[in-house]
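Each chain, written out:
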Amino acid sequence: MESLARGGTRWKRFAVVMVPSVAATAAIGVALSQGALAASFSVSGQQFKVTTDRLDGTGFVQYGAIDAQKGGKQVPVAVSGFSNAKISNLCQSVVVPVPVFGDVSLKLAAGANGTPVEAKNLYIDLDQLDADATFTNINIGVAAGSSSKGPGMHKGDKADPGSFAQEADSATLTHVKQQAWATSAGTFKLSGLKMSVAKGKHECF
């Protein structure tokens, strides 16, 4: 176990609480469609889906938290934070039900022209992730409030600083599919951004 905690570690389709996310995508989508700009705000009732070919992140931390919806319902999430992240071939989609009219889908794409999406101080709240993941110098079981490798706990999160967390110098995810509730970033640069709105369900996966 010592070699796993201190060296490079590779897991495939690992449990949600033990894998980082592709956080960057949601910042635009949530802001446009639901208004949930950070985990410290009330989140909407719609989750969004994200796919990406590859995410290269440095300064990683992950811990458990609770997101509160506008109506008061609470949902458990895994919060993944990156100090810096580069994301290739990004797709993010959200389906919003509209009374009488039906479902409306908002889909965003970026980073598919050879120039990846770039983000700093990136956080995402997710409850489902499928990916191949490689961590460098990972520590599992640190206290969330004592992590030192990533951006630290997000201000305003409903999370216990003494609860279970993990951290790593860097993380690489490939073939990513995820479902999330909210995200935020200090800066978020999207190259080749394309957005479409259409009636019906048109999701990334």
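Residues numbered from 1 in each chain as written. Predicted model: local features only at pLDDT ≥ 70, side-chain atom pairs only at ≥ 80, totals over all residues. Heavy atoms only, no water.

*Asks:* Describe the pattern of salt bridges, naming the residues involved and giving the relevant values.
*Replies:* The tally for this structure, following the rule as stated, stands at three salt bridges. Notably, a salt bridge pairs Arg 54 with Asp 56, separated by 2.8 Å at the nearest N-O pair. Arg 54 sits in the partly exposed class, given a relative accessible area of 37%. Residue class for Asp 56 comes out partly exposed when judged on its relative accessible area of 31%. Where Lys 149 meets Asp 169, a salt bridge forms, and the shortest distance between an N and an O atom there is 2.8 Å. Placement of Lys 149 in the loop between strand E6 (139–143) and strand E7 (164–189) and of Asp 169 in strand E7 is noted, with a sequence separation of 20 residues between them. Judged by relative accessible area, which is 24%, Lys 149 ranks as partly exposed. Classification of Asp 169 by relative accessible area gives partly exposed; the value is 33%. (Salt bridge = Lys/Arg side-chain N within 4 Å of Asp/Glu carboxyl O. Buried < 20%, exposed > 50% of the residue type's maximum accessible area, 1.4 Å probe, protein only. Helix = DSSP H or I, 4+ residues; strand = E, 2+ residues; numbered from the N terminus.)

*Asks:* Outline the state of the cysteines, listing residues and values.
*Replies:* Counting across every chain of the model gives one disulfide. The side chain of Cys 91 participates in a disulfide bridge whose partner is Cys 204; the two sulfur atoms lie 2.0 Å from each other. Here the disulfide of Cys 91 and Cys 204 is left-handed, its torsion about the S-S bond being about -85°. With Cys 91 in strand E3 (residues 74–98) and Cys 204 in the segment after strand E8 (194–199), the pair connects residues that are 113 residues apart, well separated along the chain. (Disulfide = S-S within 2.5 Å.)

*Asks:* Tell me about the nonpolar core, and name the residues and values.
*Replies:* One broad trend across soluble globular proteins is that nonpolar side chains are buried collectively. Counting residues in each nonpolar core, the largest one holds 29 residues, and the members touching the most others are Phe 48, Phe 82, Val 117, Leu 126, Phe 135 and Leu 173. Those elements giving two or more residues to this core turn out to be strand E2 (48–68), E3, strand E4 (102–110), strand E5 (117–136) and E7. If one sorts the elements of this core by residue count, E5 sits on top with nine residues. Core analysis: the second largest hydrophobic core is formed by eleven residues, Tyr 63, Ala 65, Tyr 123 and Val 142 among them. (Core = buried A, V, L, I, M, F, W, Y, C linked by side-chain atoms within 4.5 Å.)

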